Amino acid sequence: MAKVLILVHLLLLWIDGGWCSKTDQEAPYRIHTLFSVECQNYFDWQTVGLMHSFKKAKQRGPITRLLSCTDEEKRKYKGMHLAPTMEVPSMSRHPKTGDWYPAINKPAGVLHWLKHSKDAENVDWVVILDADMIIRGPIIPWELGAEKGRPVAAYYGYLVGCDNMLAQLHTKHPEKCDKVGGLLAMHIDDLRALAPMWLAKTEEVRADKAHWTTNLTGDIYGQGWISEMYGYSFGAAEVGLRHKISDDLMIYPGYTPRPGVQPILLHYGLPFSVGNWSFSKLNHHEDDIVYDCGRLFPEPPYPREVKSMESDLNIRRGLFLSLECINSLNEGLLLQHAANGCSKPKWTKYLSFLKSKTFAELTRPQLVSESIKTETKKEQQNPDDTHKPYPKIHTIFSTECIPYFDWQTVGLVHSFHLSGQPGNITRLLSCTDEDLKQYKGHDLAPTHYVPSMSRHPLTGDWYPAINKPAAVLHWLNHAEIDAEFIVILDADMIMRGPITPWKFKAARGRPVSTPYDYLIGCDNELAKLHTRHPEACDKVGGVIIMHIEDLRKFAMLWLHKTEEVRADKAHYARNFTGDIYNSGWISEMYGYSFGAAELQLRHIISTEILIYPGYIPEPGTNYKVFHYGLEFKVGNWSFDKAKWRDTDMINKCWAKFPDPPDPLTLDHTDNDTLQRDLLSIECAEKLNDALLLHHKRRNCPDPGSLSNSNSFASNEAVSSIKSDKIEESNVVRSNVPTKDSEETSLQKTKDGLVGSLRIWVIMLWALSGVGFIVVMLMMFVGRKSKGAKGKRYRNKRRSSYLGFLDTNGRERFLPNADASL
């Protein structure tokens, strides 16, 4: 009897939850995952990828898709079976304001779920994700360190509005504004308090069009697109939620993870590439790949190819994460096609790989605890280290208010976001007051405005290159900078990977730069004239990595020495400076080298950071930057930035540069030449990719719907290239023909065609009349003739008819004329 009572007691304990404390079905361990989508093919293939990874990662608890659809969309929608779903009224078109902003569906959907779902009544922790994510391991809030009142989130460093007046305008507690998003893990009670405020603040920020600019928001679109993200941060600040922020849990494919860190979430919101292969979700906006049996996204390189491609183990690990992302998407599509009733696909090498043990091993679930143990071990080994092992970085570049720098800015900023470069980027924009009034490119990048020194305020000397040191000095004196290292680039660069002080061993007193061997003035009397330490003069430039304290001491000297060398016209000669123009144009570069020498800043000079397209790369070197300052060619195709100085590539819809050759057409017999040409093509393609995304952000109309006057803005660009032939004949030209000249040319061409057609019609009419008369005469003569007509005469008559055709040349319009007669 005692044994029975014990068993009953144990059973009651089990029913009461005493044994369930280690499961996810009882408080405080019940988890529910949410993600928000709309009724579109674009979100359906993302849903398939997320759902597949959710199951493969063995995430605890249920998952719910919050599906926002209009009644019209729902009638046509065919993806209801793709995930456990709660239908949510669409707010893409705001019911009160009429504003079109689909991103608001996320907070609106979460609030709707809290109010109307029974699941919301039986859960303790909520994980909120975006649809464009791949889960790599279980996301357990308490294992991530989440507590009630302290949610866990990923770091969104570009939400600069938390640091400026935007936060002061939209929350009573700007000091509590956290730059977070992507992954959110919080207690249900916190979410209930936050959700209404999240929606309200999203509406508030969205309505504040006066403060949409990139400078205030960090929004590269400059159109309030990230209002929902600010709605979250400002809403959380209002209700007093402070986040535990992690930089390690989530990573964008294409970025390089920190050594020893294993991210558990891949967020493919940005384009990424592995070698010559690339993927961008925006290229599949209307893609019905979920319902197209057997079709997958283009297969990426195999792991063994990546091993031969990259020797750095950590960078290689980042490339493997990119492969894992796209391969997981394709694996999910395969399984969904089977569930849709598709027939078994034909065997391919790629399908075999997706089913292999190698792929299974590469995509096995990752445990957060492993990352935590790694970090703990690091802290034990290095007790004096801070929680962040790497210093903060800020990247800057200098431009002016002209179209020439605008398209360069678009290219650099686009590549910055793809490169995995840590920290933020700032454009130092030098403009006169008059230029600034007419300037249209304010939202192309986060910007610090600088008074122009192109025309020197004291000497009147016209030298725009001086704006670079002047802008750096102005930025240091007027901006709030919390970075320890500054990376200085030129606008005419494309980033291929992160440029970090720890990678290239930069330190205080030891900046890093790239070789500029043509600065021969470091070796002759020019250096002796302009620095007390000519032996410390380094021939460097292009990319600079410098500690902020060194830069603060150095910037004034950089500007001063630039002015000094520029004023020394007696030593402009090429044999002193190496300046091919003999005009002091590279005075700013000497200003840098001589200024650094004055402080005896000796550089670590790296040949692995930068390459000029058109140069043959060193085998095995993974360059971080393209510097397209010189003309480069691939076969008959070429690119020279100087030829696009006056062409507006930014404000003309769909303007782009001439496409480089297809890599498949290259000669593979000479590997050096092949690698050189592949890099040149990559640089040109990155520029065009950046322009394409820029035009999409501007909501440019479909190229097919544009009128003749502005249909393909690239026509303007093409005309610039065509006009180079005129320039070669020493004829003065304009890079951009006017609209009037184009219309006049078109009218002349049209008039010429009309005139030619009239002449041909008259000639043909006359010839037809003559031919008719001749035929009638022949028939008349034939009837008059006596005697039988022999075969010879008939042949002769036939020959005469053919001869008539020949004399008029009409056989040119009758292919195989002889065979048809």
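Notes on the structure follow. (Residues numbered from 1 in each chain as written. Predicted model: local features only at pLDDT ≥ 70, side-chain atom pairs only at ≥ 80, totals over all residues. Heavy atoms only, no water.)

1. Side note on the sheet that holds strand E2 (residues 63–69)
Strand order in the open sheet made by the 7 strands is E3-E2-E1-E4-E7-E6-E8, with mixed pairing throughout. Only two strands of the sheet have a single partner each, and these edge strands are strand E3 (85–89) and strand E8 (244–246). Adjacent strand axes in the sheet meet at a mean angle of 25°, parallel and antiparallel pairs treated alike. Here strand E6 (residues 152–155) runs beside E8; their pairing, made up of 3 bridges, is parallel. Residue pairing in the sheet places Val-152 in a bridge with Lys-244 of E8. The strands touched by helix H2 (residues 41–56) are strand E1 (31–38), E2 and strand E4 (125–129); relative to E1, the strand with the most contacts, the crossing angle is about 165°. Taken strand by strand, helix H7 (residues 188–207) contacts E4 and strand E7 (180–187), and its axis lies near 135° from that of E7. (Pairing = 2+ DSSP bridges. Helix = DSSP H or I, 4+ residues; strand = E, 2+ residues; numbered from the N terminus. Axes fitted to C-alpha atoms, helices over the stretch in contact; angles between N-to-C directions. Contact = heavy atoms within 4.5 Å.)

2. As for the pattern of salt bridges
Tallying each qualifying case throughout the model produces 32 salt bridges. Glu-682 is the salt-bridge partner of Lys-686, the closest N and O atoms lying 3.8 Å from each other. Placement of the pair is Lys-686 and Glu-682 together in helix H22 (residues 671–697), with a separation of 4 residues, close to one helical turn. The network of salt bridges with common partners includes Asp-287, Asp-288, Asp-292 and Arg-295. (Salt bridge = Lys/Arg side-chain N within 4 Å of Asp/Glu carboxyl O.)

3. Observations concerning the nonpolar core
Within the largest apolar cluster, 74 residues are counted, with the highest numbers of intra-cluster contacts made by Trp-45, Leu-129, Ile-139, Leu-183 and Phe-279. If you look at the next biggest cluster of nonpolar residues, it comprises 68 residues, including Leu-519, Leu-526, Phe-639 and Leu-678. (Core = buried A, V, L, I, M, F, W, Y, C linked by side-chain atoms within 4.5 Å. Buried < 20%, exposed > 50% of the residue type's maximum accessible area, 1.4 Å probe, protein only.)

4. Here's the deal with the sheet that holds strand E5 (residues 133–135)
Judged by pairing direction, the sheet is mixed, and its 3 strands sit side by side in the order E5-E10-E9 without closing on themselves. The open sheet is flanked by E5 and strand E9 (250–251), the only strands paired with a single partner. The pairing of E5 with strand E10 (residues 265–267) spans 3 bridges and is classified as antiparallel. Counterpart to Ile-134 in the pairing with E10 is Leu-266. Sitting on the sheet, helix H11 (residues 313–339) is in contact with E5, E9 and E10, with an inclination near 95° to E5.

5. Side note on a nonpolar patch on the surface
Residues Ile-580, Tyr-581 and Trp-585 make up a contiguous nonpolar surface patch of about 370 Å² in total accessible area. By the element assignment, Ile-580 lies in the loop between helix H20 (574–577) and helix H21 (587–598). Classification of Ile-580 as exposed rests on a relative accessible area of 53%. (Patch = residues over 30% accessible without salt bridge, like charges linked within 9 Å, V, L, I, M, F, W, Y side chains within 5 Å. Areas by Shrake-Rupley, 256 points an atom, 1.4 Å probe, with all protein chains shown as cover.)

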